[in-house]
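# Chain and residue survey
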Amino acid sequence: MTDSAATTTAPASAPTIKPKVSSEDWIMRAVLVGIALYLIVSILLPLYAILSKSFKDVDGAFVGVANYAKFFSTPALFWSIQNSLTVTLICCVIVVPVAFLYAYALTRTCMPFKGFFKGVALIPILMPSLLPAIALVYLFGNQGLIKSWLFGYEIYGPIGIVMGESFYVFPHVLTILLISMANSDARLYEASTALGASRIKTFFTVTLPSVRYGLVSAFFVCFTLVITDFGVPKVVGGKYNVLATDIYKQVIGRQDFEMGAVVSMVLLLPAVLAFAADRVVQRKQVALLSARAVPFQPQRNPATDGLMFAFCGVVGFILISILGVAAFASFAKFWPYDLSLVLNHYNFDLMDGGGWDSYFNSIELAAWTAVIGTALVFTGAYLVEKSNGFLAGRAGLQLLCMVPMAVPGLVLGLAYVFFFNAPGNPLGFLYHTMPILVICTVTHFYTVAHLTAVTALKQMDAEFEAVSASLKVPFYRTFFRITVPVCLPAILDISMYLFVNAMTTVSAVVFLYSPDTSLASVAILNMDDAGDIAPAAAMGMMIVITAAAVRLLHAILTRGILARTQAWRKR
Amino acid sequence: MDGTGGGAYLRIRHLTKKFGDFVALRDVSLDVHEGEFVCFLGPSGCGKTTLLRAIAGLDIQTVGTIHQAGVDISSLPPSERDFGIVFQSYALFPNLTVARNVGYGLESQKMARAEIDKRVSELLGLVDLDDQRDKYPAQLSGGQQQRVALARALATSPGLLLLDEPLSALDAKVRVHLRQEIKQLQEKIGVTTIMVTHDQEEALAMADRIVVMNQGFIEQISTPNDVYAKPVSPFVAEFIGTTNFIDGVMTADGRISAAGVTIEAGGDNTAFTAGDKVTICVRPEDVLVTETADGRNGSFEVTVSDVEFLGSFHRCHVTPTRGNGTGFMADLSANHARNLRLEEGRTLNVLLPPAFVRVYASGETE
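Worth saying up front: this structure is predicted, and the values here are computed from it rather than measured.

### A closer look at the overall build of chain A
Along chain A, the regular secondary structure elements total 24 helices and two strands. Projected onto its principal axes, the C-alpha positions of chain A cover 105 × 70 × 50 Å. For chain A, the residues scored as buried account for 54% of the 571 residues in total. Taking the contacts inside chain A whose residues are at least 6 apart along the sequence as the reference set, 79% of them involve residues at least 24 apart. Working note: accessible area of chain A is about 25,500 Å², and carbon and sulfur atoms make up 68% of it. Separation between the mean location of the 36 positive side-chain charges and that of the 29 negative ones in chain A comes to 12 Å.

Take a look at the structure:
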């Protein structure tokens, strides 16, 4: 019965097997290429348009680096680089340690009311960055409630920018630190305690090293968000020029599109560098986690818990105050002389800025962005993760999906102006329409949504697709019956993220709206410009209320889905 | 049985699979006959799963051909091949009930609802899970999940059933029970089956034929009996069961001088000439241990250096009294050990029966 392996020899030059591509594979590749084309049109080509614009004169003739030379020989312009870097670095130095302590309190102590503090920290996410700046004006402006607290210094300038930005970026930095702290291994703490190390020593030998990548990442995120933010310096920047406001001033104020392109390129550089550095660091963090890590359970320590509670109380008070002042100011009849509460300021139709229509336009934009963006992002992530072969195409799409994160919103918006408004562009009909706002916003927030989808897809069993193929079930059937339902929580996360950001964003769309498609966030900007600060605050509150309602709806939906499908999630 | 016969259901020729610079399969050829249960057995990284995935079309080979039922399927994607598969993770759809999981492949075949229900009930009856049909996978035990995966793989009546380490995620008792069930089920429906496993016991108990693989090569294709009793290489001998390896030298009269004694080996050893360095293999349970020589040819005296109690038998380490100090293992049943008053330091007599002594060129062992 024994037979050894077949002994016939292989043909001298056996042909390499070329796997047959099934019709389903062709469908997947076509869709994948379609999404890649979308990203090429919505991010790469506009970036190329703005880059080439920076090398041209008004008439479109190539002038080499002449525009750059002009930028660097105009002190008023290039000083903005120093200004931007100064306020950004000061913000990082303030926010990262504060957020670190806040995250430490939430994850490593037995402080009371943790859930409350976690919720409070998310307040800034619900607002356009213009709103905290407006609140600062009400507090420290010329008629501010506590103007004297600045000892004669003015809120308009670096002080205001740093205060506003610190508020605005806090939740983003905190989220990163919370994630990296949640990943710490309790066994290391036990070992440290068993070896007789003090709490201080444990902090420096265990806690800090385990979150060092998180800290670096938090720093880069803080840096990128602050240097590219436009809302805060627009409102409280005063005469202190930064790169973000310079782009706006060059384009909207002076109609100097070429110089706008140059400043955009200057702003793009640090954003890209910070993004690249962050990716490198994140890649290292993955290897740090072992599957056998034991979650850390904090022990009671009255002194530490009390101290941390006090600290979080102060931070939380500041966060709530900013929101409270904005809310109060939106109802106050005539700040600060008549503080009786009225609804006058919500009568947007009486002001410049588009009236209530702009609010409903924002809702429309956010809804489209959430629906179209989620479908596009999830399908793209699915094809990158789960399709067969076509490695170059999949890697290419993955790379394209990362590009939007490195591009500041103002740069993206201006790039759209150059690309879509260029004579001869067949897509020119989109200019000044709702679709271009949707395209711009989907693309602007593509990367984070994509990464969320990829994470969810990676957690699914890698063999679902193989099993389906063996059962002769078409991939799209499995996609809709298995992949989408199983990933529904992540899909809801993505749509909520896109909706809230579409409501609050101002930077990219500020160059793209038309009188018919004015948006709530843009209306805040214009009303603030016109001196109608109270209505601006009121419109900001409408965004906050809407975003909060959507988050609440998301929480209810997610809980509902988890409850309804608990049967199959229960382990 | 001719391993490369023309009537094979699955005909694999000269399969090579490269992942970049790493060669996972090297010129693998193999036939699987209709209705046969074949196990791919080997240590991790030997290429057994790669071979299974090539057969399924999940990782198509770099070079070589595969014919199934006479059709060249070498380059076809999985969806155009005819197989059912059970993965180690089972890959059950978590949001579908047991019945829906099993019926998943039938639903896209434009089958009538009632017909699907009937087939699903039949399959669930086959794996004894009728009463679990409306539960979700997460509510089932590991063994039950495994049976659902099996029923799902069989639902579309595939010509070939592929099992990728289907039992390794289960605990020992369930594993033994399930391997009998799978084997019985396979015999009942007669589907040609290939199972990948690293567990030799599983392979020996279930397979009609075992394909032993090592470093991308096929070492041996044989029945379980022959793989155990007639391993073609020291690798196979060592991987399956326990074996004594004793280094020796071929003598002029065809016997082997090893461990200081002269040992006779069965089989055809004409490939070796006097003075060749060789390794002899003999399984501990084949070593005959008696109190005295009792006139047996080729037996020699040994000293017991160590006794290990292993439940149903004793494993003793013995060293030839007039040898060079090299020892080997011998297994004795409990009552045999009692009769011999087995203990450390005792002197006994040992015979290595020539029929169970196999000779390999020295250096073949890894």
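There's plenty left to go through after this.
### Details of the packing of aromatic side chains
Residue and element names in this part refer to chain A. Tallied over the entire structure, the rule returns 36 aromatic pairs over all chains. Aromatic side chains Phe-203 and Phe-204 sit 5.3 Å apart centroid to centroid with 90° between the ring planes, which places their arrangement in the edge-to-face category. Owing to a relative accessible area of 52%, Phe-204 belongs among the exposed residues under this scheme. Aromatic ring contacts, followed pair by pair, group Tyr-102, Phe-113, Phe-116, Phe-117, Phe-170 and Phe-309 into a single cluster. The lysine or arginine in question, Arg-29, covers the ring of Trp-26, its NZ or CZ lying 5.6 Å from the ring centre.

### A look at the state of the cysteines
Disulfide: a covalent bond formed between the sulfur atoms of two cysteine residues. Going through the model one piece at a time under the given rule, you end up with zero disulfides over all chains. Its sulfur unpaired, Cys401(A) is 16 Å from the next cysteine sulfur, which belongs to Cys487(A). Unpaired in this structure, Cys46(B) has its nearest cysteine sulfur neighbour in Cys39(B), at a distance of 12 Å.

### Let's talk about the sheet that holds strand 11 (residues 244-250) of chain B
Residues and elements named next belong to chain B. Strand order in the open sheet formed by five strands is 13-12-11-14-20, with antiparallel pairing between adjacent strands. Edge positions in the sheet fall to strand 13 (261-263) and strand 20 (358-361), since each has one partner strand and no second. The sheet shows a mean angle of 40° between the axes of neighbouring strands, taken without regard to direction. Inspection of the sheet shows strand 14 (residues 277-282) paired to strand 20 by four bridges, in the antiparallel sense.

### Regarding the domain arrangement of chain A
Many descriptions give the size of an interface as the accessible area lost when the pieces come together. Residue and element names in this part refer to chain A. Taken domain by domain, chain A comprises domain 1 (22-52 + 348-571) and domain 2 (67-288 + 295-336). A straight line from the C-alpha centre of domain 1 to that of domain 2 covers 24 Å. Domain 1 puts 37 residues into the contact, and the matching count from domain 2 is 35 residues. Here domain 1 is connected to domain 2 by one salt bridge. Along the contact surface separating domain 1 from domain 2 lie two residue pairs in polar contact (both at pLDDT 80 or more). Listing elements by their share of the side of domain 1 that touches domain 2, those giving two or more residues are helix 1 (23-53), helix 15 (391-406), helix 16 (409-420), helix 21 (488-504), helix 22 (520-529) and helix 23 (533-564). Ranked by the residues each element gives to the side of domain 1 that touches domain 2, the list is headed by helix 23, at 12 residues. Looking at the side of domain 1 that touches domain 2 residue by residue, the classes come out as 30 nonpolar, four polar and three charged.

### Details of the interface of chain B and chain A
On the chain A side, the residues contacting the 50 residues of chain B number 39 residues. At the boundary of chain B with chain A, the tally comes to four salt bridges. For the pair chain B and chain A, the interface holds nine residue pairs in polar contact (both at pLDDT 80 or more). Those elements that place two or more of their residues in the side of chain B that touches chain A are strand 2 (22-32), strand 4 (63-68), helix 2 (98-107) and strand 10 (217-222) of chain B. When grouped by side-chain class, the residues that make up the side of chain B that touches chain A number 20 nonpolar, 19 polar and 11 charged.

### Points about unusual backbone geometry
Each neighbour pair has its own omega, and for Trp335(A) with Pro336(A) the value is -10°, a cis peptide bond. Mapping Pro336(A) onto the fold places it in the loop between strand 1 (332-334) and strand 2 (338-341). Located in the positive-phi region is His432(A), a residue other than glycine, with phi close to 65°. Note that His432(A) resides in the loop between helix 16 and helix 17 (434-444). Of note, the phi angle at Ser157(B) is positive, near 50°, even though the residue is not glycine.

Procedures and definitions
Residues numbered from 1 in each chain as written. Chains lettered and ligands numbered in written order. Predicted model: local features only at pLDDT ≥ 70, side-chain atom pairs only at ≥ 80, totals over all residues. Heavy atoms only, no water. Helix = DSSP H or I, 4+ residues; strand = E, 2+ residues; numbered from the N terminus. Buried < 20%, exposed > 50% of the residue type's maximum accessible area, 1.4 Å probe, protein only. Contact = heavy atoms within 4.5 Å. Areas by Shrake-Rupley, 256 points an atom, 1.4 Å probe, with all protein chains shown as cover. Lys, Arg positive; Asp, Glu negative; His and termini not counted. Charge placed at Lys NZ, Arg CZ, Asp CG, Glu CD. Phe/Tyr/Trp six-rings, centres within 6.5 Å; stacked < 30°, edge-to-face > 60°. Lys NZ or Arg CZ within 6 Å of the ring centre and 35° of its normal. Disulfide = S-S within 2.5 Å. Pairing = 2+ DSSP bridges. Axes fitted to C-alpha atoms, helices over the stretch in contact; angles between N-to-C directions. Domains from an automatic or database assignment. Salt bridge = Lys/Arg side-chain N within 4 Å of Asp/Glu carboxyl O. Polar contact = N/O pair within 3.5 Å; in protein donor to acceptor, adjacent residues only side chain to side chain. Nonpolar A, V, L, I, M, F, W, Y, C, P; charged D, E, K, R; others polar.

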